[in-house]
Amino acid sequence: MRFRAALYLTLSLLALVSPAEARGQAARLRFAITLPRDLVAIDARTGVHGATAGHVATAGVRGRLMLILASDTVGEPRFQVSYGAKTPPAFAIDVEGWKPGETRMIDATAFGFPLKSLGALPRGQYRVQAVLNRYETFIRGDGVTLTLPPDRGEGQHWNSKPGNLYSAPRLTDVDVTKNGTITVAIDQEIPPIPGFSETKFVKHVKIRSERLSRFWGRDTFIAAFVTLPDGFETHPQSRYPLVINHGHFSTTPDNWRETPPDPTLVPDYSERFSLAGYNRIVEEYSHQFYKDWTGPGFPRVLLVQIQHATPFYDDSYAVNSANNGPYGDAIQYELIPEIEKRFRGLGQGWARFVYGGSTGGWESMAVQMFYPEEYNGAWIACPDPIDFRHFETVNIYSDTNAYYIASRWKKTPRPGHRNYLGHVDATIEEMNRYEVLLGTKGRSGEQSDVWESVYSPLGADGYPRRIWDRETGKIDPVTARFWRDNFDLSYILQRDWATLGPKLRGKLRIFVGDMDNYYLNNAVYEVEKFLTSASPVADAVIDYGDRDEHCWNGDHTRANAYSRLRYPQMVLPWAVERMLMTAPAGADLRSWRY
């Protein structure tokens, strides 16, 4: 009877195991990824790493090795990986000391997303591709040693980073239940990013930052595109206001095109905006901006777009932080003075403005708050969470788990991404697992990891301290308090308003859609509560787009797809109006108004 009972129990337990889990337990297939023997020669041809034969032969390479299996035939698999519904399955491991000619295995033990294990992969034909995101050793000025993916001019994108290795996609029959090894050679190397060619209007400024070089223990540079006003050369006595467009890294200025749209451009389709031919729309609006910029009556300013990618993300968030270093001060006290010196900037706070959306929205608000007298206004669109009680859908202070809503009897996942109707296509947990796929220890180059690189103190291992456990979602209250005291903009506003308030009067303009895809409107509601009742008065502007998604910027007359291409046309007239109202006595309000 005991045997029969045990048999029944065993059969019952097996019935509870899903087919995917059963396949995972039976997984036998492995993928053998081979590093090319002529890696040094490949590096030499591209000129990216400049590695010596002796160094590669003795130390090898390190990084994050990823295997992607796509079942469709559109584009390379490496460009399809995301947290969205259409992502293909991918699996990854960290590699150390990997020498030319050696092999590393990816099997059922590798971290997977969206499937947790290679063993859960259904049998079928897949286009298989492997990619190695290569790391370097950083010995910071304080002695902390880290291995991180350096930016190489692409803005921290692992799938397009110069020097990274990958394999050509190959159609392969895959059955993980069968014994065997599939060999993949990562014998292709991503080439360098072409240099930017300056024009009459757009210049590129790059400087070595003394502050950042001391922090990182190596020469560290920051750069910017500077778009000069029409008439700059014919008005040599004019001095100009400066306006910063904060946002993600770009290899060219945003939405700027000096030549007419290309009539031969093959129209694409934007799934985000459900628009056919969106690439043509972008070219049309970019060229229209050029015509507005060079037309009569348009504000004559220096328009600046900063390049400040870090080893953690495509930009630094323009503030000083424990993990990234003093980027805020480097930008404010090194880069901006150099730009104003080269291009005849007015060089005073009343004549400087900031604007941006999403990351750039948070940066614009933070820069205006942390350097309140250095800027005269911030146009803040769809900002990353500005109140950490609504960190997307998590309250990092009162919630105990970021992945699930507290309940004694059920386990409800927290939503992470929605559309304007509220339909959810990704949870907070899924978005975080996607980042672990791309990199451990905060090295994914994605959103949650960058927040930790900016907001967190150093962890015990030298990498950013986690705000929550990536596996379980358990929130760390010690890290949460550090975030609050240093980077929760709503908390800091209220804590310091007695002295900060008078310096910010009339300077904050905040815009967000009430159906923001990342729930960013919820944090804005909290800031609105305070600013509308603050004493001394804030004179802030806060507005919401009805059913508008990320990243609504205050335009009630156009859809997001179009208004996002017109920031300067919206921001600059307001900046001029404010300068005329607030400039100190004797300020130059004439030389740049021609």
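(A) Expanded view of the nonpolar core. With 112 residues, the main nonpolar core has Tyr455, Leu493 and Leu531 as its most contacted residues. Among the elements that make up this core, the one with the highest residue count is helix 15 (residues 567-582) (eight residues). Leaving out residues up to four positions away in the same chain, Leu493 has contacts with Met365, Met369, Leu500, Leu504, Val527, Phe530 and Leu531. Judged by nonpolar contacts, the second largest core, of 27 residues, contains Leu69, Phe91, Leu165 and Val174.

(B) Fine view of the packing of aromatic side chains. One pass over the structure, following the stated rule, counts 38 aromatic pairs. Note on Trp497 and Phe530: the rings are 5.4 Å apart at their centroids and 90 degrees apart in plane angle, and the pair reads as edge-to-face. Separated by 33 residues along the polypeptide, Trp497 in helix 12 (residues 489-504) and Phe530 in helix 13 (residues 521-531) bring together distant segments of the chain. With a relative accessible area of 3%, Trp497 lands in the buried category. Note that Lys206 overlies the ring of Phe221, its terminal NZ or CZ placed 5.2 Å from the centroid. The residue whose ring lies beneath Lys411 is Tyr404, and the NZ or CZ to ring-centre distance is 4.5 Å.

(C) Up close: the sheet that holds strand 28 (residues 541-545). Read across the sheet, eight strands follow the order 13-14-18-15-21-22-27-28 without closing on themselves; strand pairing throughout is mixed. Two strands close off the open sheet at either side, each with one partner strand: strand 13 (202-208) and strand 28. Direction aside, neighbouring strands of the sheet carry axes that sit 20 degrees apart on average. In terms of strand pairing, strand 15 (residues 242-246) meets strand 21 (residues 352-357) through five bridges, oriented parallel. Following the sheet pairing, Ile244 is matched in strand 21 by Val354. Running at roughly 145 degrees to strand 27 (residues 508-513), helix 13 makes contact with strand 27 and strand 28 of the sheet. Running over the sheet, helix 15 touches strand 15, strand 18 (302-307), strand 21, strand 22 (378-381) and strand 27 and is turned about 150 degrees from strand 21.

(D) The arrangement of the pairing of strand 7 (residues 136-139) in detail. Relative to strand 8 (residues 145-148), strand 7 runs antiparallel, the two being bridged by four bridges. Its bridge partner being in strand 8, Glu136 is matched across the sheet by Leu148. Between the end of strand 7 and the start of strand 8, which pair antiparallel, lie five residues, with Gly143 showing a positive phi angle near 90 degrees.

(E) The sheet that holds strand 11 (residues 180-185), seen in detail. Taken together, three strands build an open sheet; the order of strands is 4-1-11 and the sheet is mixed. Whereas interior strands pair on both sides, the edge strands pair on one side only; in this sheet they are strand 4 (103-106) and strand 11. Adjacent strand axes in the sheet meet at a mean angle of 30 degrees when their direction is disregarded. With six bridges connecting them, strand 1 (residues 29-34) and strand 11 associate as parallel partners. Across the sheet, the residue bridging to Phe31 is Ile182, located in strand 11.

(F) Representation of unusual backbone geometry within the structure. The amide bond that connects Phe113 to the next residue, Pro114, takes the cis arrangement and shows omega of 0 degrees. Relative to the helices and strands, Pro114 resides in the loop between strand 5 (111-113) and strand 6 (124-134). The omega angle of the peptide bond from His550 to Cys551 is 20 degrees, so this bond is cis rather than trans. Here Cys551 shows up in the loop between strand 28 and helix 14 (560-563). Here the phi dihedral of Tyr317 falls at roughly 70 degrees; this positive angle occurs in a residue that is not glycine. Relative to the helices and strands, Tyr317 is located in the loop between strand 18 and strand 19 (320-321). Residues other than glycine seldom take positive phi values, yet Ser358 does so here, at roughly 65 degrees. A residue is classified by how much of its surface remains accessible, and Ser358, at 13% relative accessible area, is buried.

(G) Molecular detail of the side chain of Arg443. Looking at where Arg443 falls in the secondary structure, it is placed in the loop between helix 9 (428-438) and helix 10 (447-455). For Arg443, a relative accessible area of 6% puts it in the buried group. A polar contact is formed between the side chain of Arg443 and the side chain of Thr147, at a distance of 2.8 Å. Aside from chain neighbours lying at most four places away, what touches Arg443 is Asp94, Tyr135, Thr147, Leu148, Pro149, Leu438, Asp449 and Tyr463.

Cut-offs applied
Residues numbered from 1 in each chain as written. Predicted model: local features only at pLDDT ≥ 70, side-chain atom pairs only at ≥ 80, totals over all residues. Heavy atoms only, no water. Core = buried A, V, L, I, M, F, W, Y, C linked by side-chain atoms within 4.5 Å. Buried < 20%, exposed > 50% of the residue type's maximum accessible area, 1.4 Å probe, protein only. Helix = DSSP H or I, 4+ residues; strand = E, 2+ residues; numbered from the N terminus. Contact = heavy atoms within 4.5 Å. Phe/Tyr/Trp six-rings, centres within 6.5 Å; stacked < 30°, edge-to-face > 60°. Lys NZ or Arg CZ within 6 Å of the ring centre and 35° of its normal. Pairing = 2+ DSSP bridges. Axes fitted to C-alpha atoms, helices over the stretch in contact; angles between N-to-C directions. Polar contact = N/O pair within 3.5 Å; in protein donor to acceptor, adjacent residues only side chain to side chain.

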